[in-house]
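Here are the chains, one letter per residue:
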Amino acid sequence: YYTEFANLKVRSSPSKPEFQDVYEQQIAVLRSLLEAGVQSGELRRLDADKSAHLLYEYVRAAVAKHVLEWPDEPIEATISLVFDLVWRGIACEVK
């Protein structure tokens, strides 16, 4: 695990230069959605740029896990889990 992590050498997600533009476009869309959510009061104040990058990586990891390890599960289950973790987090519900 640590070897794999070290091999990443802190690079952006696309491993090939031809995907860099697509990656940056997707980050820009996420950033603008987050900024709009903060402006409308639907989201709490946050660093939209850093949050966009982290959300992108989170979704990318979920897709990889689904494809490589959970292919027999319906994609809706993975999508539901991603949405639940993003919108509700992992904290217990307030009683």
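Look a little higher up for the structure.
Remember, predicted model here, so these are calculated numbers, not experimental data.

Chemist: Can you walk me through the pattern of salt bridges in this structure?
Modeler: Counted by the stated rule, this structure contains four salt bridges. Between Arg60 and Glu57 there is a salt bridge whose closest N-O contact spans 2.8 Å. Placement of the pair is Arg60 and Glu57 together in helix α3 (residues 48–69), with a separation of three residues, close to one helical turn. Residue Arg60 is classed as partly exposed on the basis of its relative accessible area, which comes to 43%. Judged by its relative accessible area of 26%, Glu57 is partly exposed. A salt bridge links Arg88 to Asp84, with the shortest nitrogen-to-oxygen separation between them at 3.0 Å. Highlighted residues: Arg88 and Asp84, both in helix α4 (residues 75–88), separated by four residues, approximately one helical turn.

Chemist: Explain the packing of α3 against α4 here, please?
Modeler: Helix packing geometry: the angle between the two helix axes and the distance between the axes. Axis separation between α3 and α4 bottoms out at 10 Å; the angle between their running directions is 155°. In terms of orientation, α3 and α4 fall into the roughly antiparallel class. Judged by the sense of rotation from one axis to the other, the crossing of α3 with α4 is right-handed. Here Leu55, Tyr58, Val59, Ala62 and His66 of α3 come into contact with α4, specifically with Ile75, Thr78, Leu81, Val82, Leu85 and Val86. Broken down by class, the residue content of the contact of α3 with α4 amounts to nine nonpolar, two polar and no charged.

So, how was this worked out
- One numbering rule holds for all chains: residues counted from 1, following each sequence as written.
- Local features are withheld for residues below a pLDDT of 70 in this predicted model, meaning they are given only at 70 or higher, and side-chain atom pairs are given and counted only at 80 or more; totals for whole chains, interfaces and linings count all residues.
- By convention in this description, side-chain values take in all heavy atoms of the structure and omit both hydrogens and water.
- Here, a salt bridge means any side-chain nitrogen of Lys or Arg that lies within 4 Å of a carboxyl oxygen of Asp or Glu.
- In this text, helices come from DSSP runs of H or I with a minimum length of four residues, and strands from runs of E with a minimum of two, each type numbered from the N-terminal end.
- Partly exposed residues are those whose accessible area sits between 20% and 50% of the maximum for their type, while under 20% is buried and over 50% is exposed, using a 1.4 Å probe and protein chains only.
- To get an axis, a line is fitted to the C-alpha atoms, and for a helix only the part in contact is used. The angle between two axes follows their N-to-C directions and goes from 0 to 180 degrees.
- Angle categories are assigned with fixed cut-offs, so that under 35 degrees is roughly parallel, over 145 is roughly antiparallel, 65 to 115 is roughly perpendicular, and the rest are oblique.
- Should the near helix be turned counterclockwise from the far one by less than a right angle, the crossing is left-handed, whereas a clockwise turn marks it as right-handed.
- Pairs of residues are marked as contacts when any of their non-hydrogen atoms sit within 4.5 Å.
- Charged means Asp, Glu, Lys or Arg here, nonpolar means Ala, Val, Leu, Ile, Met, Phe, Trp, Tyr, Cys or Pro, and polar covers whatever is left, Gly included.

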